[in-house]
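Overview (structure and organization)
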Amino acid sequence: MFQIIKHEQFSPITFMWEVLAPDLAKASEPGQFVMVRIREGGERIPLTIADYDVEKGTITLMIQAVGRSSNEMNDLKEGDYLLDLMGPLGIPSHIDRKDGRVVLVGGGLGVAPIYPQLRKYKETGNYTISIMGFRNEDLIFWADKFLKYSNEFHIATDDGSAGTKGFVTTVLDDVLQRNDDIVEVVAIGPLVMMKACAEVSRKYGIKTIVSLNTIMVDGIGMCGSCRVTVDGEVKFACVDGPDFDAHLVDWDELMVRQKRFDREESHAQDCWDKECRAKKKFEEGQ
Amino acid sequence: MAFKPRLPCPEQDPKERIKNFEDVVVGYTSEMAIEEASRCLQCKNPLCVQGCPVSIDIPGFIGAIKEGDFELSYSILTDQNPIPAVCGRVCPQEVQCEAKCILGIKHDPVSIGKLERFVGNWAVKNNICVREEVDKVRPPREVAIIGSGPAGLACAMDLALAGVDVTVFEALHTFGGVLKYGIPSFRLPKDVIDAELGKVRKLGVKFVANHAIGRIFTIPMMMEEMGFDAVFIGTGAGLPKFLNLHGEGLNGVQSANEFLTRVNLMNPPGIKDCYTPTGCGKKIAVIGAGNVAMDCVRTAIRLGAERSMIVYRRAREQAPARTEEVHHADQEGVEFHFLSNPIEVLGKDGWVTGLKLQKMELGEPDASGRRRPIPIPDSEHIIECDTVIIAVGTSSNPIIGQTTPGLKLNDWGYVEVDDDQMTSVPGVFAGGDIVTGSATVILAMGAGKQAARGILKYMGIERKVLNVCETD
Ligand SMILES: Cc1cc2nc3c(=O)[nH]c(=O)nc-3n(C[C@H](O)[C@H](O)[C@H](O)COP(=O)(O)OP(=O)(O)OC[C@H]3O[C@@H](n4cnc5c(N)ncnc54)[C@H](O)[C@@H]3O)c2cc1C
Ligand SMILES: Cc1cc2nc3c(=O)[nH]c(=O)nc-3n(C[C@H](O)[C@H](O)[C@H](O)COP(=O)(O)OP(=O)(O)OC[C@H]3O[C@@H](n4cnc5c(N)ncnc54)[C@H](O)[C@@H]3O)c2cc1C
Ligand code: SF4
Ligand code: SF4
Ligand code: FES
């Protein structure tokens, strides 16, 4: 059992946990993830390690409630326990001193998982340009953390309520045009955003790394659920990734495959909504 | 001399059993077991033993059944096979012990597997286990086992019986390996595995879940910093193979491992409120004809599939699955498409709609000695389906290899070992599917036991106590 020692709500559907797991914290590296199961019968959910603190013995997870499991997670509070927590999984991101500047793009919740990479790029002595994108100003988080490790820092919001109006790709295009010494782009966020970033950087021929959040079951290379086609070959995100060369990923297939359980998932969510309504009614009646 | 035919073992009616996930085989009663046991000739030079990969004293354990001394029978069995309730169910007896039984030359061989199953079940029901009190080795020795499948469990048990402190690290949230997440409960009920695991726990073996070794700890860390004197790698087979068919990326195509894991591990019978999707549609085509394929197709039937099909490019006689499994699948209404090679998965809007097959015929024997299937021209046809499950084998898991410097792997990524099951890294042993590639439960257990002997030798310990049965 793993205790949630801090729970912070960022928006009605976005929240952060700090979980006590000393051995896991010690082993964690940027780019890795964990599998979480909160109760008997629950799903195994992959989540990126958004931060880790060896001294406190904690890892930080940033979660968006999008379906049944993540909604159930949102109900857990400080002091509650996770039944299962396994990790760190996946191959750590390959981060070394580059001969040029590095751009890190985080979209929405993707801002969290890219943070440990940004920090490590900076600490390895790289010149870092970070771009974070949100739908609007209210959703912005961790700007202070990013500022600390960025030589250049940009924000984009869809509605223009903060920073540049538009998507992160608009800013990325601009940054790539203005700097001719950029050697690497790292992009993490929703699939559409990562795909769009890949299209932008492809024009400039700049190596681009994305972290793929394919659907997983075990996370240790046994089931094959996480398969993606990269450069025409079947790869498994949990053991061969999650980082891949964005220019070689078969995005169309991936985007279709990401919906393969939608019918079953939305049924699970409906049942949950009904249960919640029933529970609320019951409590109101008390 | 007249020989009695083999006593049939009661089974659930096919029409009923496809509606549940309970044991298909009901099993012998004590009287029936004694009757079947009395068919054994108690050969002086028992050929059956040669057929058993772990050389169980078969006439011994069967003789004890005949005398009604099930406890003695259990102790004879567990001398070589710590979990008879499992092997009696899943061993391919018809090509091992029973294939060699002298009675089989002219008559039915003795039903060795079903008798083994009987004794195993009897022990589970009566809480009988191998000796519990063990004198600890002095000075204390600690061994880490990676993976809780049959290889790891067998190794852990033998080491614990010799007085070693054993800790089993398992990556998943539950223990048993393929026994838990692969083989469905209608062949191997989960409570049977849990009962067997309980016995291992009673020997003092510690079990730690959620630890993917190579990630959270590495083998060098375990040996150098964590105080383990030796490590056993029993991580099993790895990633599923795909066929590189056009359309394999469509939704509705999944590997057998994924399907079985989603059902067995994430929706186990008896646990409420499970909602991990299984991806099982109404018309299922399973590609392959091994045990794994049969497990998938029969699981699909139980999940309510209307059509459950096996697609295999070779002939029925060449199917690698156990005869009993194919027979059970037949009884349960599985459609077989033998000599049919899948050439394309068809789809619409990203979802599977069918499978294009080509008819095959048998030609000359190939390197494996089996007649090679060759395509019949212009024989393409389509079967309609919404789910395609690929059950054509697995390759090796890369995690331990990537994170253990100096560990020698073969060309296919499996771990190389010597006669004592020791790897190229001193003190690190391995066995089971991670060494041989996908094999069988009994071979994995045999390897685990062999490794336990190797580990004891490496640590300079004599095995002190033999398994002795004791009632609770
Ligand atoms: C390596 C990895 C790292 C991840 N890191 C994070 C993280 O740090 N924070 C976080 O909130 N989520 C992360 N995810 C995604 C997260 O695992 C899913 O959002 C979660 O499994 C959804 O479960 P659910 O039952 O709540 O929703 P579901 O009911 O399963 O799905 C609801 C909706 O989300 C979509 N969805 C389902 N699974 C995924 C997925 N794997 N990726 C993207 N969309 C999905 C579905 O298509 C559906 O539209 C990560 C996934 C992977 C593979
Ligand atoms: C569906 C199916 C049906 C089968 N039917 C039969 C049958 O009828 N008869 C028969 O004899 N054989 C059958 N087999 C084969 C048999 O199950 C295997 O040969 C046997 O289980 C191998 O045992 P093992 O201990 O080597 O590995 P496994 O049983 O695979 O166990 C390995 C364990 O190690 C864990 N692990 C992996 N990596 C790590 C890590 N890095 N750290 C910690 N833990 C890790 C895994 O999670 C797993 O629990 C079947 C296999 C399958 C898949
Ligand atoms: S372990 Fe398998 S091969 Fe050996 S006697 Fe038992 S059923 Fe037969
Ligand atoms: S070969 Fe057959 S008859 Fe002879 S001992 Fe073995 S099981 Fe009994
Ligand atoms: S999640 Fe099962 S193989 Fe990657």
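Residues numbered from 1 in each chain as written. Chains lettered and ligands numbered in written order. Predicted model: local features only at pLDDT ≥ 70, side-chain atom pairs only at ≥ 80, totals over all residues. Heavy atoms only, no water.

**Points about a nonpolar patch on the surface**
The condition is simple: Residues form patches when they are more than 30% accessible in relative terms and have no salt bridge. Like charges link within 9 Å. Nonpolar side chains (Val, Leu, Ile, Met, Phe, Trp, Tyr) link within 5 Å. Using a 1.4 Å probe, accessible areas were evaluated by the Shrake-Rupley method; residue-level cover was limited to the displayed protein chains. Salt-bridge detection follows one rule: a side-chain nitrogen of Lys or Arg within 4 Å of a carboxyl oxygen of Asp or Glu. Put simply, DSSP marks the helices as runs of H or I at least four residues long and the strands as runs of E at least two long, and each gets a number from the N terminus on.
The grouping of F3, L41, I102 and I105 of chain B at the surface amounts to a nonpolar patch, some 360 Å² of accessible area in total. Assignment of secondary structure puts I105 of chain B in the loop between α7 (97–100) and α8 (112–125).

**Side note on the site of ligand 3**
To keep things clear, this is the line we draw: For this purpose, a residue is taken to be near a molecule or strand whenever a single non-hydrogen atom of the residue falls within 4 Å of it. All residues other than Ala, Val, Leu, Ile, Met, Phe, Trp, Tyr, Cys, Pro, Asp, Glu, Lys and Arg, Gly among them, are scored as polar; the first ten of these are nonpolar and the last four charged.
Residues in close proximity to ligand 3 include C52, P53, I56, I58, N81, C91, Q93, Q96, C97, E116 and I442 of chain B, which together make up its full environment. Its residues assigned to classes, the shell around ligand 3 shows seven nonpolar, three polar and one charged.

**Structural notes on the nonpolar core**
This is how the line gets drawn: Put simply, a nonpolar core is a bunch of buried Ala, Val, Leu, Ile, Met, Phe, Trp, Tyr and Cys residues held in one set by side-chain atoms that sit within 4.5 Å of each other. Relative accessibility thresholds used throughout: buried, under 20% of the residue-type maximum; exposed, over 50%; partly exposed, between the two (1.4 Å probe, protein chains only). Two residues qualify as a contact provided that any one of their heavy atoms is within 4.5 Å of a heavy atom in the partner residue.
One finds I58, F61 and L159 of chain B to be the most contacted residues of the largest nonpolar core, which totals 78 residues. Those residues in contact with F61 of chain B that lie beyond four places of it in its chain are I56, S73, I76, L77, I112, L115, E116 and V119 of chain B. If you look at the next biggest cluster of nonpolar residues, it comprises 60 residues, including A187 and M193 of chain A together with V345 and L357 of chain B.

**Remarks on the sheet that holds strand β6 (residues 253–255) of chain B**
All names here are of chain B. Here is the rule we go by: Strand pairing is assigned whenever DSSP detects at least two bridges linking the two strands. The convention used is that axes are lines fitted to C-alpha atoms, helices contributing only their stretch in contact, and that angles between N-to-C directions extend from 0 to 180 degrees.
With parallel pairing, the five strands of this open sheet are ordered in space as β6-β14-β7-β8-β9. Looking at the sheet topology across the chains shown, the edges are occupied by β6 and β9 (335–337). Each adjacent strand pair in this sheet contributes to an overall mean axis angle of 25°, direction not counted. Of the strand pairs in this sheet, strand β8 (residues 307–311) and β9 are connected by three bridges, and their pairing is parallel. Across the sheet, I310 pairs through a bridge with F336, a residue of β9. Helix-sheet contacts for helix α13 (residues 256–265) involve β6 and β14 (387–390), and the interaxial angle to β6 is about 80°.

**Points about the site of ligand 4**
Residues in close proximity to ligand 4 include C40, L41, C43, P46, C48, P59, C101, I102, V110 and I112 of chain B, which together make up its full environment. Of the residues contributing to the shell around ligand 4, the split by class is ten nonpolar, no polar and no charged.

**A short note on the confidence of the model for chain A**
Interpreting fine coordinate detail is not advised for predicted regions of low pLDDT. We count it as follows: For every residue, the pLDDT score states the predictor's confidence, bounded by 0 at the bottom and 100 at the top.
Averaged over every residue, the pLDDT of chain A is 90; the share at 70 or more is 97%. By mean pLDDT, helix α9 (residues 262–285) of chain A is the weakest element of chain A at 71, and strand β16 (residues 243–245) of chain A is the strongest at 96.

**Considering the pattern of salt bridges**
Residue and element names in this part refer to chain A. Under the definition given, this model contains 50 salt bridges over all chains. R37 is the salt-bridge partner of D84, the closest N and O atoms lying 2.8 Å from each other. Here the residue D84 occupies a position in strand β7 (residues 84–89), and R37 occupies one in strand β3 (residues 33–37), the gap between them amounting to 47 residues. Each of the two residues, D84 as well as R37, counts as buried.

**Here's the deal with the sheet that holds strand β9 (residues 128–134) of chain A**
All names here are of chain A. Taken together, the seven strands give an open sheet; going across it, the order is β11-β10-β9-β8-β12-β13-β16, and neighbouring strands pair in mixed fashion. One side of each edge strand has no neighbouring strand; the edge strands of this open sheet are β11 (164–165) and β16. Strand direction decides the pairing type here: strand β10 (residues 152–157) and β11, joined by two bridges, are parallel. Paired with A156 across the two strands is T164, which belongs to β11. Running at roughly 160° to β9, helix α5 (residues 168–178) makes contact with β8 (101–107), β9, β10, β11 and β12 (182–188) of the sheet. Sheet strands in contact with helix α6 (residues 191–204) are β8, β12 and β13 (208–211), and its direction is about 165° off that of β12.

**Regarding the environment of E380 of chain B**
All names here are of chain B. In plain terms, the rule: In the analysis that follows, any N or O atom pair within 3.5 Å is treated as a polar contact, provided that within protein one partner can donate a hydrogen and the other can accept it, and provided that, for residues neighboring in sequence, both atoms belong to side chains.
Along the polypeptide, E380 turns up in the loop between β12 (371–375) and β13 (381–384). The class of E380 is partly exposed, set by a relative accessible area of 44%. Each residue touching E380, except ones within four places of it in the same chain, is listed here: I343, K356, L357 and Q358. One polar contact links E380 to Q358, side chain to side chain, over a distance of 3.4 Å.

**Some points on the pairing of strand β7 (residues 283–287) of chain B**
Residue and element names in this part refer to chain B. The condition is simple: Here the term right-handed applies to a crossover when the path leading from its first strand over the helix to its second strand runs clockwise, the strands being oriented away from the viewer.
Where burial is concerned, most of β7 is hidden: four out of the five residues are buried. Two elements, β7 and β8, share five bridges in a ladder whose sense is parallel. From the neighbouring strand, K283 faces β8, where its bridge partner is R307. For the segment spanning β7, helix α14 (residues 291–302) and β8, crossover handedness is right-handed. As judged from the four bridges shared by β7 and β14, these two strands associate in the parallel manner. Residue I287 lies in a different strand from β14, and its bridge partner there is I390.

**Considering the domain arrangement of chain A**
All names here are of chain A. For the record, the criterion: For every domain, the bounds stem from an assignment made automatically or drawn from a database. Summed over both partners, the accessible area (1.4 Å probe) lost when two parts come together is defined as the buried area.
Domain parsing of chain A yields domain 1 (2–89) and domain 2 (101–258). Placing the centre of domain 1 and that of domain 2 at their C-alpha centroids yields a distance of 21 Å. With 22 residues of domain 1 in contact, the opposing surface of domain 2 contributes 19 residues. A buried area of about 1600 Å², summed over both sides, lies between domain 1 and domain 2, and 67% of it is on carbon and sulfur atoms. Of all residues in domain 1, P30, F33 and M62 give up the largest surface area on contact with domain 2, accounting jointly for 26% of the area buried on that side. At the boundary of domain 1 and domain 2, one finds three salt bridges. In this structure, K120 and E29 form a salt bridge, with 3.9 Å as the shortest nitrogen-oxygen distance.

**Considerations on the environment of V311 of chain B**
Residues and elements named next belong to chain B. Residue placement: V311 occurs in strand β8. Its relative accessible area of 0% is what places V311 among the buried residues. Setting aside residues up to four positions removed in sequence, V311 forms contacts with A285, V286, I287, G288, H337, S340, P342, L355, L357 and I383.

**Details of the packing of α5 of chain A against α6 of chain A**
Helices that pack against each other are described as a pair by the angle of their axes relative to one another and the distance between those axes. Residues and elements named next belong to chain A. For clarity, the cut-off: Angular relationships are summarised with four words: roughly parallel below 35 degrees, roughly antiparallel beyond 145, roughly perpendicular across 65 to 115, and oblique for the angles in between. In this scheme, a crossing is called left-handed if the near helix is turned counterclockwise away from the far one by less than a right angle; it is called right-handed if the turn is clockwise.
Running from amino to carboxyl end, α5 crosses α6 at an angle of 20°, the nearest separation of the two axes being 10 Å. In terms of orientation, α5 and α6 fall into the roughly parallel class. Of the two possible hands of crossing, α5 and α6 adopt the one that is right-handed. Of the residues in α6, those in contact with V168, T169, L172, D173, L176 and Q177 of α5 are M193, A196, C197, V200, S201, K203 and Y204.

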